[in-house]
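One-letter residues, chain by chain:
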Amino acid sequence: MSRTITVAVKRQDSPSAGSHWVRFRVAYEAGMNMTTVLQRIAARPETEHGQRVTPVAYDACCLEEVCGACSMLVNGGVRQACSALVDDLLADRPDLITLEPMTKFPVVRDLVVDRSRMFETLKTVRAWVPADGYFDRGPGPIIPQKQQEGDYPLTTCMSCGCCVEACPQVHEKSPFIGPAAINQAVRFNEHPVARFEFDERMEALTAEGGIADCGNAQNCVKVCPKNIPLTRSIAKAGRQATLYAIGKFFRE
Ligand code: SF4
Ligand code: SF4
Ligand code: FES
């Protein structure tokens, strides 16, 4: 008999519906990841008891841990489904693999969540290089190699939401912008052109929901799939916010 794996998926039909668990059995293939498993379920959406159901909804795009779209809870831990290898998961827990949507974002359907909250926080901290026109402005300022190397890890954020999911300070009642946005504020404050909007970024970081809401639990840095030094960024943002607040006190 061919080997199968059992996958329990936490399902939800709509944003307002309640959730329920459904178990599927999927034929094992060497080297498969959890997105492959979801593709197999979509191709044959039958519960473990043979009951026909609607295919499980999930997000995916790049399939190589670059876009961040497929973030979900796999066996209770937040990560990307496309890089969650079945062999590794079975080594930890051979009888069952569980999939759930992230909890800090509204569920759209099944494993699909709405990550708008994250993108709004990127707007709050002006996570961009301002460009007020499309004309050729000539070469930009040269960024020294050493600074480029230091900044590069901060630029690899894919807005996957894992750090937000893990952060105890991010919840329904909290306006906290979260670790990813703080990291982006630090990253753009370093940029020779984006630095011109330093004050606007610091206003956001020192306002309600800013850096002061970070409890320094450091859960964020542990789950970041890109190994971004989030706690270093948070510490730097804290120092910048203190100096900005002192400077503002004497300016006003
Ligand atoms: S250090 Fe803790 S409280 Fe601060 S952003 Fe990271 S997880 Fe959240
Ligand atoms: S900082 Fe890391 S965990 Fe957070 S959104 Fe960016 S890539 Fe994901
Ligand atoms: S599909 Fe892009 S990170 Fe998984």
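Structure: above.
Residues numbered from 1 in each chain as written. Chains lettered and ligands numbered in written order. Predicted model: local features only at pLDDT ≥ 70, side-chain atom pairs only at ≥ 80, totals over all residues. Heavy atoms only, no water.

A. Broad picture of the packing of aromatic side chains. Tallied over the full model, the rule gives two aromatic pairs. Between Phe249 and Phe250 the ring centres are 5.3 Å apart and the planes differ by 85°, which places this aromatic pair in the edge-to-face class. No difference in accessibility class separates Phe249 from Phe250, as the two residues are exposed. Against the face of Tyr28 rests Arg3, its NZ or CZ located 4.3 Å from the ring centre. (Phe/Tyr/Trp six-rings, centres within 6.5 Å; stacked < 30°, edge-to-face > 60°. Buried < 20%, exposed > 50% of the residue type's maximum accessible area, 1.4 Å probe, protein only. Lys NZ or Arg CZ within 6 Å of the ring centre and 35° of its normal.)

B. Looking closely at the site of ligand 2. Taken together, 13 residues surround ligand 2, and among them Cys157, Cys160, Gly161, Cys163 and Cys224 come closest. Grouping the amino acids of the shell around ligand 2 by side-chain chemistry returns 11 nonpolar, two polar and no charged. (Near = heavy atom within 4 Å. Nonpolar A, V, L, I, M, F, W, Y, C, P; charged D, E, K, R; others polar.)

C. Summary view of the nonpolar core. Of all hydrophobic cores here, the largest spans 39 residues; its most connected members are Val125, Ile182 and Leu205. Among the secondary structure elements, those contributing two or more residues to this core are helix 3 (116–124), helix 5 (162–166), helix 6 (179–190), helix 7 (198–206) and helix 9 (230–251). Looking at which element gives the most residues to this core, the answer is helix 6, with six residues. Leaving out residues up to four positions away in the same chain, Leu205 has contacts with Val125, Ile177, Ile182, Ala185, Gly210, Ile211 and Ala237. Counting residues in each nonpolar core, the second largest holds 24 residues, with Val26, Val74, Cys82 and Leu89 among its members. (Core = buried A, V, L, I, M, F, W, Y, C linked by side-chain atoms within 4.5 Å. Helix = DSSP H or I, 4+ residues; strand = E, 2+ residues; numbered from the N terminus. Contact = heavy atoms within 4.5 Å.)

D. Main features of the site of ligand 1. Taken together, the neighbourhood of ligand 1 is formed by 13 residues, with Cys167, Cys214, Ala217, Gln218 and Cys220 sitting nearest. A class-by-class count of the residues in the shell around ligand 1 yields eight nonpolar, five polar and no charged.

E. Quick peek at the pairing of strand 4 (residues 77–80). Judged by which residues are buried, strand 4 turns out to be one-sided: Val78 and Gln80 face inward and are buried, whereas Gly77 and Arg79, on the alternate face, are not. Examined bridge by bridge, strand 3 (residues 71–74) and strand 4 share four bridges and lie antiparallel to one another. Residue pairing for strand 4: Ser71 is matched across the bridge by Gln80. With antiparallel pairing between neighbouring strands as the criterion, strand 3 and strand 4 make up a hairpin whose turn holds two residues, including Asn75 at a positive phi of roughly 50°. (Pairing = 2+ DSSP bridges.)

F. Summary view of a nonpolar patch on the surface. On the surface, Leu243, Ile246, Phe249 and Phe250 cluster together into a nonpolar patch covering about 520 Å² of accessible area. Here Phe250 lies in helix 9. (Patch = residues over 30% accessible without salt bridge, like charges linked within 9 Å, V, L, I, M, F, W, Y side chains within 5 Å. Areas by Shrake-Rupley, 256 points an atom, 1.4 Å probe, with all protein chains shown as cover. Salt bridge = Lys/Arg side-chain N within 4 Å of Asp/Glu carboxyl O.)

G. View of the side chain of Ser71. Note on placement: Ser71 falls in strand 3. Engagement of the side chain of Ser71 in a polar contact is seen with the backbone oxygen of Gly68, the distance being 3.1 Å. At 2.9 Å, the side chain of Ser71 and the side chain of Gln80 are in polar contact. Ser71 has contacts with Arg79, Gln80, Met102, Cys160 and Cys162, leaving out every residue within four places of it along the chain. (Polar contact = N/O pair within 3.5 Å; in protein donor to acceptor, adjacent residues only side chain to side chain.)

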